Amino acid sequence: MDQPWWQKAVLYQVYVRSFADSNGDGVGDLRGVIDKLDYFSWLGVDGLWLSPITVSPDRDWGYDVADYRDVQPVFGTMADLDELVAKARDRGMRVVLDLVPNHTSDRHPWFQDARTSRDTRHRHWYVWADPRPDGSPPNNWRASFDKRSAWEPTPETGQMYLHSFLREQVDLDWWNEEVREAIDGVMRFWLDRGIAGFRLDVAHAIVKDRELRDIPDDYDKDVLVDVDETFAVLRRWRGVVDAYEEERILLGETWVMDLERLAGFYGTGKDQLHLAFNFPYTFAPLEAEALRDVVARTHDAFPRDAWPVWMLSNHDIPRFSTRACGGDERKIRCALLALLTLRGTAVLYQGDEIGLEQVDVPPDRIRDIGDRDGCRTPMPWSRDGGWTNPWLPLGTTARNVEDQRDDPESILSFARDVIARRRGSEDLQSGPYERLDAPAGVWAYRRGESTIVALNLSDEPVEFEGRRLEPWEGSVLDS
Ligand code: NOJ
């Protein structure tokens, strides 16, 4: 059976601001990404996911969109993006964009219009409510960053608007058909340019409770989500991308810690998201029992046609090399080996492949409202970094691309070897996952007919299948 490209894929998340700077202004840009296409080919990745590159006042670094249909000037031009997509394609690589449908910037022309009066053209593209008689917000919903009320008063009309994140990120009203049509249009605009799909921001919480009811005490989100209607929107988007001949994907940012609920985002496995990020796996400790358990529960919970996606780090959470591995190279290799050999799509965050660690950003250099700078620092290309006056400080460059590229024993060479192995192996790309019995501390599984992966996640050497595994050694064995 012909397996779709995105199932076999290793995707690479490019945090554009910090990836590669082509013009020396201290901010990464699209030409910088183009300049590194050789690197991606050499590493063997199948596609890139670019963090938001559309126009934004950068209160939340691109996740506050002021124009969905143009490129942020500091990143370059539309021509640069078209060139990147075309050159990537020449090398057999796809480009996926980040799409932020939950909210726009307060500077977006839709909101600039909406706030002026109660009956203006775009008023009901956003969620408005009257304050209570005592002036307090209409319900108990909280905004993600500061956990204060998610409602912001406006002097123009006396009503309050909803913002699940910053007050400069205004939630769109997804009950409004005009909003749905507008975002369909945005998707088609990019798909027509050859984009391979979207990473969907806040995919788990697009549609809010229509009645704006209070969240109950034990609810695990800050705003009340209408899950069924969110699924209906996902089906609608699936229809939009499925209309294109070459298969395009929807990769959802699904912050859902319950795997049964996560499974719901796939629908039947063919009618909602293609891929839904698995945060329970990301946050599981690097221990045999814990990892085995999340993977087993993922497979049990998912519909037969649903395909998992695994990742270790992204631009919102501390880097896995520090968080789960304490910087230990052996552990970093184990985590990468599992990521790249599990049944599912694998997503690397820039720097994961060299074991880049979380950086301690000094207080006077902090730029992010949500304290996430430490995982967004510039990519160290060489011992001197390869940057002039970067917007965030470089951490230590002891782990850098140039040195590791030349060293067959490096983390980077290891990651590249595993990716190459995956590419050449039908077992690893599509074979079923079967957990194998193994000594305590060892996580072992068979993929497909004859590929066995064994990870000794313990401090003691062990014997497995007649082979000695050193502490924190992982290996691919042929059976
Ligand atoms: C998730 C994004 O990854 C994060 O960076 C952003 O702050 C929020 N969504 C809000 O858009």
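That block above? That's the structure.
Residues numbered from 1 in each chain as written. Predicted model: local features only at pLDDT ≥ 70, side-chain atom pairs only at ≥ 80, totals over all residues. Heavy atoms only, no water.

### Quick word on the overall build of the protein
Under the convention used in this document: Segments assigned H or I by DSSP are reported as helices when at least four residues long, segments assigned E as strands when at least two residues long, and all are numbered from the N terminus. Note on method: radius of gyration uses C-alpha positions; expected globular size equals 2.2 Å times residues raised to 0.38. Burial classes follow relative accessibility: with a 1.4 Å probe on protein chains only, a residue under 20% of its type's maximum area counts as buried, one over 50% as exposed, and anything between as partly exposed. Contact between two residues is taken to exist if any of their heavy atoms lie within 4.5 Å; hydrogens are not considered. The Shrake-Rupley method, run with a 1.4 Å probe, gives the accessible areas here. Residue values count only the displayed protein chains as cover.
Along its length, the protein carries 15 helices and 21 strands. In terms of C-alpha radius of gyration, the protein reaches 23 Å, essentially the compact-globule figure of 23 Å for 479 residues. Seen through its principal axes, the protein has C-alpha atoms that stretch 75 × 50 × 45 Å. The proportion of buried residues among the 479 residues of the protein is 62%. At a minimum sequence separation of 6, the contacts of the protein that also span at least 24 residues come to 65%. Accessible surface, the protein: about 18900 Å² in total, of which carbon and sulfur atoms supply 45%.

### Topic: the state of the cysteines
The following threshold applies: We call a pair of cysteine sulfur atoms a disulfide when they lie within 2.5 Å.
Evaluation of the coordinates by the stated rule reveals zero disulfides. Cys 334 supplies the cysteine sulfur nearest to Cys 325, a cysteine that is in no disulfide, at a spacing of 8.2 Å. Note on Cys 325: relative accessible area 3%, which makes it buried. With no disulfide partner, Cys 375 has as its closest neighbouring cysteine sulfur the one in Cys 325, 15 Å distant.

### Concerning the site of the ligand
To keep it simple, the criterion reads: Any residue with a heavy atom positioned within 4 Å of a molecule or strand is treated as near that molecule or strand. Whenever a nitrogen or oxygen atom comes within 3.5 Å of another N or O atom, the pair is scored as a polar contact, on the condition that within protein one atom can donate a hydrogen and the other can accept it, and that pairs from neighbouring residues in sequence are kept only if both atoms are in side chains. Residue classes follow a fixed rule: Ala, Val, Leu, Ile, Met, Phe, Trp, Tyr, Cys and Pro count as nonpolar, while Asp, Glu, Lys and Arg count as charged, and any other residue, Gly among them, counts as polar.
Contacts to the ligand come from 14 residues, most closely from Asp 60, Asp 201, His 315, Asp 316 and Arg 372. The separation between an oxygen atom of the ligand and a polar side-chain atom of His 315 is 2.7 Å. A distance of 2.9 Å separates an oxygen atom of the ligand from a polar atom in the side chain of Arg 372. About the coverage of the ligand: the protein hides 97% of its 300 Å² of free accessible area. Looking at the shell around the ligand residue by residue, the classes come out as four nonpolar, three polar and seven charged.

### Side note on the pattern of salt bridges
Worth spelling out the cut-off: Think of a salt bridge as a Lys or Arg side-chain nitrogen and an Asp or Glu carboxyl oxygen that are within 4 Å of each other.
Evaluation of the coordinates by the stated rule reveals 40 salt bridges. With a shortest N-O distance of 3.0 Å, Arg 423 and Asp 46 are connected by a salt bridge. Placement of Arg 423 in helix α14 (residues 411-423) and of Asp 46 in the loop between α3 (37-43) and β2 (47-50) is noted, with a sequence separation of 377 residues between them. Judged by relative accessible area, Arg 423 falls into the partly exposed class, the value being 44%. Arg 467 is the salt-bridge partner of Glu 473, the closest N and O atoms lying 3.5 Å from each other. Judged by its relative accessible area of 21%, Glu 473 is partly exposed.

### What to know about helix α10 (residues 288-301)
Our working definition: Helix span, as expected, comes to 1.5 Å for every residue beyond the first.
Over its 14 residues, α10 runs 20 Å from end to end, which matches the ideal 20 Å to within 8%, given 1.5 Å per residue. Check the buried side of α10 and you find it contacts α8 (259-264), α9 (279-283), β14 (309-311), β16 (433-436) and β17 (442-447).

### A closer look at the sheet that holds strand β9 (residues 160-162)
Formally: For two strands to be treated as a pair, DSSP must find at least two bridges joining them.
Taken in spatial order, the three strands make up an open sheet running β7-β9-β8, and their pairing is antiparallel. With partners counted over all chains shown, the strands left at the sheet margins are β7 (128-129) and β8 (151-153), one partner each.

### Here we look at the sheet that holds strand β1 (residues 10-14)
Either a parallel or an antiparallel arrangement is found when strands of a sheet pair, and the pairing is made through backbone hydrogen bonds. The line we're drawing: Note on geometry: axes are lines fitted to C-alpha atoms, helical ones only across the stretch in contact, with angles between N-to-C directions running from 0 to 180 degrees.
Read across the open sheet, the eight strands follow the order β13-β12-β11-β5-β2-β1-β15-β14; overall the sheet is parallel. Looking at the sheet topology across the chains shown, the edges are occupied by β13 (275-276) and β14. Relative to strand β12 (residues 249-252), strand β11 (residues 197-200) runs parallel, the two being bridged by four bridges. By the bridge assignment, Gly 197 is partnered in β12 with Ile 249. Strands β5 (94-99), β11 and β12 of the sheet are contacted by helix α6 (residues 177-191), whose axis makes an angle of about 130 degrees with β11.

### Side note on the side chain of Arg 199
One can find Arg 199 in strand β11. Look past the residues within four positions of Arg 199 in its chain and what remains in contact with it is Trp 49, Tyr 63, Val 96, Leu 97, Asp 98, Leu 99, Leu 251, Glu 253, Phe 277, His 315 and Asp 316.

### Quick word on the pairing of strand β21 (residues 474-478)
Most of β21 is tucked away, with four of its five residues classed as buried. Bridge count for strand β18 (residues 451-456) against β21 is five bridges, and the pairing is antiparallel. Bridge pairing links Thr 451 to Asp 478 in β21.

### Concerning the packing of aromatic side chains
Stated formally: Only centres within 6.5 Å qualify two rings of Phe, Tyr or Trp (six-membered ring in Trp) as a pair; their planes then separate them into stacked at under 30 degrees, edge-to-face at over 60, and tilted for everything else. A ring has a charge above it when a Lys NZ or an Arg CZ is no more than 6 Å from the ring centre and no more than 35 degrees off the ring normal.
Counting across every chain of the model gives 28 aromatic pairs. Judged by centre distance (6.1 Å) and plane angle (20 degrees), the rings of Tyr 39 and Trp 42 are stacked. Within this pair, Tyr 39 and its partner Trp 42 are both found in helix α3, separated by three residues, close to a single helical turn. Taking relative accessible area as the criterion, Tyr 39 reaches 3% and is therefore assigned buried. By relative accessible area, which is 18% here, Trp 42 ends up buried. Residues Trp 443 and Tyr 445 carry aromatic rings whose centres are separated by 5.0 Å and whose planes lie at 55 degrees to one another, so their mutual orientation is tilted. Of the aromatic side chains, those joined through ring pairs into one cluster are Tyr 12, Phe 19, Tyr 39, Phe 40, Trp 42 and Trp 381. In this structure, Arg 123 is placed above the aromatic ring of Trp 128, and the distance from its NZ or CZ to the ring centre is 3.6 Å.

### As for unusual backbone geometry
Negative phi values dominate among residues other than glycine, just as trans dominates among peptide bonds. The backbone of Trp 61 shows a phi angle near 50 degrees, a positive value even though the residue is not glycine. Following the sequence through the fold, Trp 61 ends up in the loop between β3 (54-55) and β4 (67-71). With a relative accessible area of 8%, Trp 61 lands in the buried category. The backbone phi angle of Trp 472 is positive, close to 60 degrees, even though this residue is not glycine.

### Points about the nonpolar core
To be explicit about the condition: Throughout, nonpolar core names a set of buried Ala, Val, Leu, Ile, Met, Phe, Trp, Tyr and Cys residues whose side chains join them through atoms within 4.5 Å.
Of all hydrophobic cores here, the largest spans 139 residues; its most connected members are Tyr 12, Phe 40, Leu 50 and Trp 443. Per element, the largest residue contribution to this core is eight residues, and it comes from helix α12 (residues 329-341). Setting aside residues no more than four positions away along its own chain, Leu 50 makes contact with Val 14, Val 16, Leu 30, Leu 81, Leu 84, Val 95, Val 96, Leu 97 and Asp 98. Within the second largest apolar cluster, 16 residues are counted, among which are Ala 150, Met 160, Val 202 and Val 225.

### Digging into the pairing of β18
Most of β18 is tucked away, with six of its six residues classed as buried. Residue alternation in β18 divides its side chains into two sets, Thr 451, Val 453 and Leu 455 and Ile 452, Ala 454 and Asn 456, and both sets are buried. Bridge count for β17 against β18 is six bridges, and the pairing is antiparallel. Its bridge partner lying in β18, Ala 444 is registered against Ala 454.

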